[in-house]
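Letter by letter, the chains look like this.
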Amino acid sequence: MCVDASGPLPVVMIGITVLALGTGPLFALGIGLVVGSVPPERAGSAASMSETGNYFGGSLGFALIGVLAAVIYRHRTDGTSDSLAEAVATSHRLPADQGAHLLDTAHHAFTAAVRITGVVATILFAGLAVLVVTMRPAAARPAPAAPLEYEAARS
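One numbering rule holds for all chains: residues counted from 1, following each sequence as written. It should be noted that, the model being predicted, local features are given only for residues of pLDDT at least 70 and side-chain atom pairs only at 80 or more, the latter also being counted only at that level, while totals for whole chains, interfaces and linings use all residues. Only hydrogens and water are set aside when side-chain values are computed; all heavy atoms of the structure are taken into account.

**Student:** Talk me through the overall build of the chain; I want residue IDs and the actual numbers.
**Tutor:** Going along the chain from the N terminus, every DSSP run of H or I of four or more residues is numbered as a helix, and every run of E of two or more is numbered as a strand. Scanning the chain for helices and strands turns up five helices and zero strands. Written out in order from the N terminus, the α and β elements of the chain read α-α-α-α-α. Relative accessibility thresholds used throughout: buried, under 20% of the residue-type maximum; exposed, over 50%; partly exposed, between the two (1.4 Å probe, protein chains only). Looking at the chain residue by residue over its 155 residues, the buried ones come to 11%. Here, two residues are considered to be in contact whenever any of their heavy atoms come within 4.5 Å of each other. Relative to all contacts within the chain whose residues are 6 or more apart in sequence, the contacts with residues 24 or more apart total 42%.

Printed below as a string of structure tokens:
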């Protein structure tokens, strides 16, 4: 499936909704765990550090995925262009057959880069989901209440 700029806005909105529903609870749970693990007087500092970590990690992840996409694109175009926009601009200055070949190569390289980075991101998310499930601490179970007869006998 391919979504382009002329595609319907609802497709994009559905994708963003699915992303938000999948990641929103994770951020809320993470902040709750961080803030709950420190004394109340340090909760503000813990929350700010958690937010900083979230933004830094997200930015770094986007940057690394972007670099991977750029490397794949450049490799697939054999270094003839650094971006799809550059290939489109260059194709207008070339003879028709060379321009068409450059555009075709650039489109295929761009599609391959998006697909490969999508697969890599999916594998990373799945691996992180498995890591979260296996590494999370077991929920603390409350101690069973002592029977009233036992408490009365002890006093």
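Structure's up, so let's keep going.
**Student:** Describe the pattern of salt bridges, with residues and values.
**Tutor:** We count a salt bridge whenever a side-chain nitrogen from Lys or Arg sits within 4 Å of a carboxyl oxygen from Asp or Glu. Taken as a whole and assessed by the stated rule, the structure comprises one salt bridge. Of the charged contacts, one joins R74 and D82 as a salt bridge, the two residues approaching to 2.2 Å between their closest N and O atoms.

**Student:** Just give me the short version of unusual backbone geometry, but keep the residues and values in it.
**Tutor:** It is generally the case that most residues other than glycine have a negative phi and that most peptide bonds are trans. At D78, a position not held by glycine, the phi torsion is positive, near 55°. Its location among the elements puts D78 in the loop between helix 2 (43-76) and helix 3 (84-93). Of the residues examined, D78 reaches a relative accessible area of 69% and is grouped as exposed.

**Student:** I'd like a rundown of the nonpolar core, residues and numbers included.
**Tutor:** For this analysis, a nonpolar core means a set of buried residues of the types Ala, Val, Leu, Ile, Met, Phe, Trp, Tyr and Cys, connected via side-chain atoms within 4.5 Å. Grouped together as the largest cluster of nonpolar side chains are seven residues: I72, Y73, A87, L102, A106, A109 and A113. Within the residue set of this core, elements represented by two or more residues are helix 2 and helix 4 (96-135). With four residues, helix 4 is the largest single contributor of residues to this core. Beyond its immediate sequence surroundings of up to four residues, A113 is in contact with A69, I72 and Y73.

**Student:** Describe in detail the environment of H101, supporting the description with residues and values.
**Tutor:** Tracing the sequence through the fold places H101 in helix 4. On the basis of relative accessibility, which here comes to 55%, the residue H101 falls in the exposed class. A C-alpha to C-alpha distance of 8.5 Å links H101 and S91, two positions 10 residues apart in sequence.

**Student:** I'd like to hear about the side chain of S81, residue by residue, with values.
**Tutor:** In this structure, S81 sits in the loop between helix 2 and helix 3. When sequence neighbours within four positions are dropped, the list of residues in contact with S81 reads Y73, R74, E86 and A87.

**Student:** Could you give me a rundown of the packing of helix 1 (residues 9-36) against helix 2, with the residues and numbers involved?
**Tutor:** Here an axis means a line fitted to C-alpha atoms, over the contact stretch when the element is a helix, while the angle between two N-to-C directions is reported on a 0 to 180 degree scale. It is the contact of helix 1 with helix 2, at a shortest axis distance of 9 Å, that shows an interaxial angle of 140°. For the crossing formed where helix 1 meets helix 2, the hand is right-handed. Touching F27, I31, V34 and V35 of helix 1 are A43, A46, A47, S50, E51 and N54, all from helix 2. Among the residues forming the contact of helix 1 with helix 2, the class breakdown is seven nonpolar, two polar and one charged. Here a crossing is called left-handed whenever its near helix is offset anticlockwise from the far helix by less than a right angle, and right-handed whenever the offset is clockwise. In this count, Pro and Cys sit with the nonpolar residues alongside Ala, Val, Leu, Ile, Met, Phe, Trp and Tyr, while Asp, Glu, Lys and Arg are called charged and the others, Gly among them, polar.

**Student:** How would you explain helix 2 if you had to name every residue and give the values?
**Tutor:** To estimate the expected span of a helix, count its residues, drop one, and scale the result by 1.5 Å. Spanning 34 residues, helix 2 covers 49 Å between terminal C-alpha atoms, matching the ideal 50 Å at 1.5 Å per step. By the burial criterion, the buried members of helix 2 are A43, A46, S50, I72 and Y73. Contacts made by the buried residues of helix 2 are with helix 1, helix 3 and helix 4. With its phi angle positive at about 55°, D78 sits one or two positions after the end of helix 2.

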